[in-house]
Each structure stands twice: as C-alpha cells, then as structure tokens.
Amino acid sequence: MASPSPGPLVSDAPAGGPHGARIEVTGLTKTFGSVLAVDDLSFAVEPGRVTGFLGPNGAGKTTTLRCLLGLVAPTSGGATIGGRHYHDLHEPMRVVGSALEATGFHPGRSATAHLRVLARAGGLDEARAPEVLELVGLAESASRKVGGFSLGMRQRLQLASALLGDPGVLVLDEPANGLDPEGIAWLRAFLRYLAGQGRTVLVSSHVLSEVEQTVDDVVIIAQGRLVRACPLTELTEHGQRLVVRTPQAAELVSALASVAPQARVTAVEDGSLLVEDVEAPVVGRAALDARVELHELRPATSDLEQVFLSLTGGATS
Amino acid sequence: MSTVTAPSPATAGRRSRLVSAELLKVTSTRMWLGLLAALCVYVGIGIVATVFAPEQPGVTVPRLTTAAGMRNLFAQGGGGYLFAIVIGTLGMTQELRHQTLTSTLLAEPRRNRVMVAKMAAYAVVGAVYGAVGVLFGYALALGLLPFKDHGDLPATAMWQIAGGAVIGCALFAVLGVAIGALIRNQIAAVLGVLVWVVLVEALLVALLPTVGKWLPGGALNGILQATGFNDAQYLPVWAGALVLIGYTVVFGVLAAATTQRRDVT
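Summarised in this report is the structure supplied together with it. Note that this is a predicted model, so its numbers are computed, not measured.

Conventions adopted
- Within each chain, residue numbers correspond to sequence positions counted from 1 in written order.
- Here every chain gets a letter starting at A, and every ligand a number starting at 1, in the order they are written.
- Local features are withheld for residues below a pLDDT of 70 in this predicted model, meaning they are given only at 70 or higher, and side-chain atom pairs are given and counted only at 80 or more; totals for whole chains, interfaces and linings count all residues.
- Note on terminology: a nonpolar core is a set of buried residues of type Ala, Val, Leu, Ile, Met, Phe, Trp, Tyr or Cys, with members joined through C-beta atoms within 7 Å.
- With C-beta atoms placed from the backbone, a residue is labelled by how many other C-beta atoms lie within 10 Å of its own: buried for 20 or more, exposed for 12 or fewer, partly exposed between the two.
- A helix here means a DSSP run of H or I that spans at least four residues, while a strand means a run of E at least two residues long, and both kinds are numbered starting from the N terminus.
- In this document the domain limits rely on a domain assignment from an automatic tool or a database.
- Each residue gets a C-beta atom placed from its backbone, and two residues are in contact if those atoms lie within 7 Å.
- What makes two strands pair is DSSP finding at least two bridges between them.
- Under this scheme, a helix contributes an axis fitted over its contacting stretch, all axes are lines through C-alpha atoms, and angles between N-to-C directions fall in the 0 to 180 degree range.
- Just so you know the grouping, Ala, Val, Leu, Ile, Met, Phe, Trp, Tyr, Cys and Pro go in nonpolar, Asp, Glu, Lys and Arg go in charged, and all remaining residues, Gly too, go in polar.

### What to know about the nonpolar core
Here is step 1: Counting 163 residues, the largest nonpolar core has Ala160(A), Ile85(B), Ala173(B) and Val174(B) as its most contacted members.
Here is step 2: With 17 residues, the top contributor of residues to this core is helix α7 (residues 155–183) of chain B.
Here is step 3: Counting the residues that make up this core, at least three belong to each of domain 1 (7–233) and domain 2 (238–300) of chain A.
Here is step 4: Once residues lying within four places of it in the same chain are set aside, the contact partners of Ala173(B) are Ala84(B), Ile85(B), Ile87(B), Gly88(B), Tyr122(B), Ala123(B), Val125(B) and Gly126(B).

### A closer look at the sheet that holds strand β8 (residues 217–222) of chain A
Residues and elements named next belong to chain A.
Here is step 1: Taken together, the six strands give an open sheet; going across it, the order is β5-β6-β7-β3-β8-β9, and neighbouring strands pair in mixed fashion. Two strands close off the open sheet at either side, each with one partner strand: β5 (96–99) and β9 (225–231). Adjacent strand axes in the sheet meet at a mean angle of 15° when their direction is disregarded.
Here is step 2: By the bridge criterion, four bridges tie strand β3 (residues 50–54) to β8 in an arrangement that is parallel. Counterpart to glycine 52 in the pairing with β8 is valine 218.
Here is step 3: Helix α6 (residues 181–196) contacts β3, β6 (169–173) and β7 (200–205) of the sheet and is inclined by roughly 150° relative to β7.

### Considering the sheet that holds strand β2 (residues 35–45) of chain A
In a beta sheet, neighbouring strands pair by backbone hydrogen bonds and run either parallel or antiparallel.
All names here are of chain A.
Here is step 1: Across the sheet, three strands lie side by side as β2-β1-β4; this open sheet has antiparallel pairing. Here the strands that pair on one side only, and so sit at the sheet edges, are β2 and β4 (76–81). Strand-to-strand twist of the sheet, defined as the mean angle between neighbouring strand axes without regard to direction, takes the value 20°.
Here is step 2: Relative to β4, strand β1 (residues 23–32) runs antiparallel, the two being bridged by five bridges. Paired with isoleucine 23 across the two strands is isoleucine 81, which belongs to β4.
Here is step 3: Across the sheet, helix α1 (residues 61–68) touches β1, β2 and β4, and the angle it forms with β1 is around 115°.

### Overview of the interface of chain B and chain A
Here is step 1: Residue-level contacts link 27 residues of chain B with 29 residues of chain A.
Here is step 2: The set of elements that each furnish at least two residues to the side of chain B that touches chain A consists of α1 (9–27) and α5 (101–107) of chain B.
Here is step 3: In terms of residues, the side of chain B that touches chain A owes the most to one element, α1(B), which gives seven residues.
Here is step 4: The residue makeup of the side of chain B that touches chain A, split by class, is eight nonpolar, eleven polar and eight charged.

Following this line, the structure appears as structure tokens:
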C-alpha cells in the first residue's frame, strides 16, 4: 500500500503556483440523437481546491468530462482549461491528467508497458512509469498483465496514468469505484495533498458521502442541468431545512401555505418532504391546527446525503 | 483542415514519437509474434503446394520449368499480405474493443496525427511481415527446388519480387488499419477482411482476372509478377503498385476523416 504522503514523486509546486489552471464550462449542451445528455451547463473549477462533481448515475457527468477533454464534440457551448480547449493544449498530458470511466487497458499489456506507451505518445519521460506505479501502490504488479488486475488495481493504474505528466489539473471520473476502504482513505489524503500544492482537482462521484470529507466545492448536476455549484459548507447552511414525514402531505402543504407562505416544500424520493425557510415549531403548530398526523419532524441541516438526494431527486421528478 | 506548410522540428519530433508509441503498442503484447508464426506456416504451405502441385486436367498452371512458373513460386513469399492486413485491422479495432482509444486521444488529441502515426507504424509492421515471409519463403523454395525439374529466375527478378512483397505487405497493413477504423467492430472487421481476401477476392482474382486484377489482391499479383491460371495476365508492376497505393490512400483518408469528428465514449 502506498504511503499517503508521496512527497518526492509529484513535484512540489508552491500553493497557488503556476501549476493549477481554472476549468471553465460554459453553456455546454450535448445531445446524442434525441437524448439530451447535458443541458446548457455552466460552472467553474478553481485551482488549489478539490471540487466534487456530483450527480446520480446518468446525470451527464461523464459526458461533461469527455467534452472537457475533447473526446466528445459539444452540440453547443464548450469547456476550457486555463482558457484553452483541450485539443489546443501543446502538451496536454503535462497540463491535465485524467482518469475516465470506460477507459480501458489491453489485457495482454503490462502495467509498465501501458504507461510507457502513454508517456511516449505524450512526450513524457518513460522513467516516470515506475515512479507513478510506486506512487499509486502498484510497484509490485508493474510487470503483470493488466488482464489479471482487480477493479481497484485498474483504478490505481488509471490514476497512475493521470499523474504521468505531473499535471496541474486532475480530472478523475469516479476514482473511488472499486477501491477498498483503505484505498479510499488513501485516495482522500492524496487528493487533499495534490490540491494543497495548488493543483486543480475535479473528482466526480454519484455518492456524496464518498467525497464529502475531501471536497472543498461541489458542482451538483441532475439530468444534465446544473443544480448547485457552491462551497461544500454552503450546501449545509442553506436556510432552514426540515425533513417532514406525514401520510397527509397535501393537507400539510395547504396548512403551511396559509401560516408560512415563504416555506418551500419538495417531495423527496423516499416519501418524506423537504421543507425549507420555515422553523420547526411553525410546522408543528400548523400540523396540529390542521389535525395532520406527523411521523417525523427534524432538521435536515447535518444530513448532507439527504440534501444531495433532495437536490438531485427534485430535478429528476 | 490542415494548412500545407513544412513541419517544424518540434512537430516532426512529435510525429515520430507518436509512431514510436504505436510500435511499442504492437511489441508490448504477443499478438504480432503469433500472427508472424502463422504467416510463416501459411507461406510455407503456399511454397510446398506450388513446388509439388500435381497437374490438373483442364487448368493450365505455369510450370516450374518456365520463367513464369518460377516467378509464381517466389511470389508465394508475398503470401503474408493476408496477415499484414489482419494485424492492421486488429491493431485499430482493439483500441475500440479495449477502449484504449480514450487514453490514446488524451495523450494526443489531434486525431489526424494519431491516425497517420498508426498507419505509419503498421506500414513498418507490414514491411517486417513481408520481409519475414520473403526470407522464409525463399529459403524454403530454394531448399525444395533441387527435388524438382525447374527453370531459372534471374537474381534481379527475385529481388524485384521480394521488394514488391515487402511494399505490398506494408500497404496491406495500412489498408487494414483503415478498414478497422471504418468498420470499428473487431469481430466484424476481421471476419470481413478474411472472407474478402481468402474467399471473394481470391476467387475473382483466380477465375475472373479481368476484374480481379483491379482489386487490391489482384494488384498485388501484378506487383509480384505472378501469372494466373491459363496464362492470365495481371497488371504490370507499376500499375499494380499505383492501384494498391490508390486503395490505401482512399481508405486511409476515409478512415481519418470519419475518426476526426466521431465521439469517443
């Protein structure tokens, strides 16, 4: 297992140094046939921070990342890294390191050979191959054929290829998939370390809890549309949020409308209601007056996953 | 798309490193060696069959005592073109099958350069295949000839046929890359190539040479100075070369053009 403080193997760029570049997605839209995968999406990712790119499966995360990396042509809008399109970067692997889902390996090629091919094509020193394998904890499997690798080992090899060019920007698509708990802990520490050096780290996930200990900012999308882009802390401090569970949702909504017209009520997929901008006692009193049966009334502020689900679920329904 | 200017040294360096990376892809798995072994077996069978072929009633095959028969024998050294086109097709389609095209295009997002580098690399691989087939085939033929009555073939003709085989195999490997990029599905592409080369084209070249000589395999027969059944003539060397280069360029350009805009998902 690799050490969580891989000092000498990635360059020690000073925080805020020349390394990290800003990622900017502007009005990005992509349709596949009649399917609208990404819908007028705009957000920015800042250097020196870990940004979580979140959304349920099928929300358009991978398509967005593939547009950013020049693999998929946007229908309209676009995405830049440090103000330039990926295909305009002179030495792209030195600027952006990426690990995308559904990126494969030839099963008959060794881990080292895979990295040497990429290093050679990208104009990088092939001596980096054993270094990055060491860095991700695969040194002992370096000469093994990738066909025999577990999912977790493939994830580490993806990460190794992203690090080959010692890039200032890292784009990682679901990097925690297939990692064991120890691997996830290692990944968290590693991403924090990289962002601490001033690099830009964009990491996608469909599970907020997987990244909530790691990320500074979140960009949440659902059905190809932006739901929220903000620092993680703002996600939990967003007004007064209550989880309410009742078999008489319609009666409660109409009761609330008369006493607290500013309150916003959203139905959550698990059958509860998310009630915003109103105090718990007001909801309780309204329910009592209207003889509405309550099964649950509690603040939602500390439950990030619930916020995430309500945000993304709200856009789905 | 691209403007016509002399490449800068940096661009030239980038192109050669892409070709080198493509060659490393080939040599870092064992497939190319397996296909090369199969090529030697295939060429060997062709040589043995040509030397010891019994006479068939109704079909005139140039006999070994004639110059045409001797040219046909050494032309068998170019039989490796089947394996050249197959390894080209496999080389392109495995990038799609194993989804390595994503990392290939992340390392070099200019797709035309990637396609040109891949075709150049497979031209090298095809030339190596052609050279090995010629060496193996010639050695076997020269070893077997003393057992049969045979004519003479000047050394210059043997060199010409050998050169034609090497260049022909190089072109067929490039053609394979292009067909792989156009068909994309590995099994469909390889099966299609095999059925075409071994069955459809081979029959047309043998039985309907007036049409067959214009096909890629028939054009190769012209390059290799072979003579068909009943003294059927193929294209002269230069015309065969032009036809085969034409096919390679047309398919290569089509392949690069369709790869240029396609989404890689």
